[in-house]
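Residue-level structural notes
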Amino acid sequence: MSVIVRLQREAFDAASEVAALKRSRTDIGAVVIFTGICRADEDGEPIAALNLEHYPDMAEAEIGRHIEAARQRWPLLGVTVIHRYGRIVPGEGIVLVVTASTHRQAAFAAAEFLMDYLKTRAPFWKQVEKPGGKTSDKIWVEARASDDTAAERWKPAPTKREPAN
Amino acid sequence: MSVIVRLQREAFDAASEVAALKRSRTDIGAVVIFTGICRADEDGEPIAALNLEHYPDMAEAEIGRHIEAARQRWPLLGVTVIHRYGRIVPGEGIVLVVTASTHRQAAFAAAEFLMDYLKTRAPFWKQVEKPGGKTSDKIWVEARASDDTAAERWKPAPTKREPAN
Amino acid sequence: MKVRYFAWVRERVGKTEEDIDPPAGVATIGDLVDWLARQGEGYAYAFENPNVVRSAIDKRHVRSDARIAGASEIAFFPPMTGG
Amino acid sequence: MKVRYFAWVRERVGKTEEDIDPPAGVATIGDLVDWLARQGEGYAYAFENPNVVRSAIDKRHVRSDARIAGASEIAFFPPMTGG
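Residues numbered from 1 in each chain as written. Chains lettered and ligands numbered in written order. Predicted model: local features only at pLDDT ≥ 70, side-chain atom pairs only at ≥ 80, totals over all residues. Heavy atoms only, no water.

**Examining the interface of chain B and chain A**
- Listed as interface residues are 31 residues of chain B and, on the opposing side, 31 residues of chain A.
- Of the roughly 2,800 Å² buried at the junction of chain B and chain A (both faces included), carbon and sulfur atoms supply 55%.
- The largest per-residue losses of area from chain B upon contact with chain A belong to Arg39, Arg104 and Phe108 of chain B, which jointly make up 25% of the total buried on that side.
- At the boundary of chain B with chain A, the tally comes to 4 salt bridges.
- Asp116 of chain A is the salt-bridge partner of Arg104 of chain B, the closest N and O atoms lying 2.8 Å from each other.
- Summed over the shared surface of chain B and chain A, the number is 17 residue pairs in polar contact (both at pLDDT 80 or more).
- Of all the secondary-structure elements, those providing two or more residues to the side of chain B that touches chain A are helix 1 (14-22), strand 2 (30-37), helix 3 (104-121) and helix 4 (145-152) of chain B.
- Here the side of chain B that touches chain A is composed, by residue class, of 13 nonpolar, 9 polar and 9 charged. (Contact = heavy atoms within 4.5 Å. Buried area = accessible area lost by both parts, 1.4 Å probe. Salt bridge = Lys/Arg side-chain N within 4 Å of Asp/Glu carboxyl O. Polar contact = N/O pair within 3.5 Å; in protein donor to acceptor, adjacent residues only side chain to side chain. Helix = DSSP H or I, 4+ residues; strand = E, 2+ residues; numbered from the N terminus. Nonpolar A, V, L, I, M, F, W, Y, C, P; charged D, E, K, R; others polar.)

**Focus on helix 1 of chain B**
Residues and elements named next belong to chain B.
- For helix 1, every residue scored as buried is listed here: Ala14, Glu17, Val18 and Leu21. Buried residues in helix 1, looked at end-on, bunch into an arc of 100°, giving them a common side.
- On the buried face of helix 1, the contacting elements are strand 1 (2-8), strand 2, strand 6 (76-84) and strand 8 (93-101). (Buried < 20%, exposed > 50% of the residue type's maximum accessible area, 1.4 Å probe, protein only. Arc of directions from axis to C-beta.)

**A look at the interface of chain B and chain C**
- Each side of the interface is counted separately: chain B has 30 residues, and chain C has 23 residues.
- Summing the contributions of chain B and of chain C, the shared interface buries around 2,400 Å²; its carbon and sulfur component is 54%.
- At the junction of chain B with chain C, the criterion picks out 1 salt bridge.
- Across the pair Arg10 of chain C and Glu53 of chain B runs a salt bridge, and its minimum N-O distance is 2.5 Å.

**Remarks on the confidence of the model for chain C**
- Chain-level statistics for chain C give a pLDDT mean of 97 and a share of 100% at 70 or above.
- Both scores are available for the predicted complex, with the pTM at 0.92 and the ipTM at 0.92. (pLDDT = per-residue confidence, 0-100.)

**Overview of the pattern of salt bridges**
- A complete count under the given rule lists 44 salt bridges over all chains for this structure.
- Across the salt bridge formed by Glu42 of chain A and Arg39 of chain A, the nearest N and O atoms sit 3.9 Å from each other.
- Residue Arg39 of chain A is classed as buried on the basis of its relative accessible area of 15%.
- The partner of Lys15 of chain C in a salt bridge is Glu18 of chain C, with the nearest N and O atoms 2.9 Å apart.
- For Lys15 of chain C, a relative accessible area of 34% corresponds to the partly exposed category.
- Each of Arg104 of chain A together with Glu112, Asp116, Arg144, Asp147 and Arg153 of chain B takes part in salt bridges that share partners, so that together they form one network.

Structure below.
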């Protein structure tokens, strides 16, 4: 079982990450790759770039905890999560999630689970940089209620309370 | 909106298919790539290869109909489906589904929908080739009930009956 | 009309395709399966469990009650195992 | 204990981090937020809606009733927008 978590400023290459995850394994029957990409507009307004701030140590720990939760839940053969920080221009990837399993259902479910949690629990904050580059044109992206709803569906029945909200 | 369907004997390269789909678009925020891979064993028995038979014209038409159904259902910006036929050895890809959308939910849902339907409705048949290569060691793979169940969940409420089973 | 066979249906019938001319009264896919099953040992074996064999008319899935009038190509095959 | 601020909480407070020594009686995250909000205009602005600001103790998400005794690093930040 290969688990890779990387937070990096540089662009990533999905193909080489998948090749690394598959290397020398012949029991993988399904690979799901999710790439989140910076769009050229946000809520209909053009953007020049996204600037991502993050809390490095906590981001790595939090992503690791969610991968562990996914492994408890689905029979995974490999997971790779790469999240970028810093300045990202339209068309570039922001986040990469790769999941591998014997069958497709586990790979799909784990990738969706990880993305839903990354959106709402991984300590990253996006700031929009408008074209022109004035400081006043930097706006923090607001959290989407639909992302909270998406993450909610993975919660276990509320028998035992987690310490966090 | 880019729609590509290809049935081919040759191996495919997911990265170049994704690059073709993304080309010159800056409104794509999420790309999901599913790759189905030939495993080295089937039900615990080692295999030498899979041989895929297909019904060419119908396969292309059927996949096209399911892509059209996915486009009616989710706001997609691009779909690519490649399905191989002929001899495929362990470690090689069998099927590739790529979906692109503004947000991740549509891309994930459409990719799962297409895979569930490809498994149960696209006219392909897998034959297992056992190591050794005797003709008696060629066995048709049986359809899995779990694949039928997976496809069932996408069905609309049974108000109007489709002509097919 | 042309009939095509795939996978183990093809192997049991012993043909990939053939032109057939069923008698009047063979109106549906179900009727055609019954008639084909009486055309020899291979056919009988291929259609021994007619509920398992799937069918298509002109490249669309159909059920056994589908009418075959006007069809130019009918196909019979096992449950699909692609993907 | 060390406190870290991120995104617009950081901008409003005007610091990325600081060492603080809250008085006895500041037992929970909620107490700490109330105390910080009285340390100046920037703090008041950052915590003007305490239900919006999220918190972590030693790199784990916590709720406002979490106790801060023994914490070595506390962080405050807006709802997350990664992914």
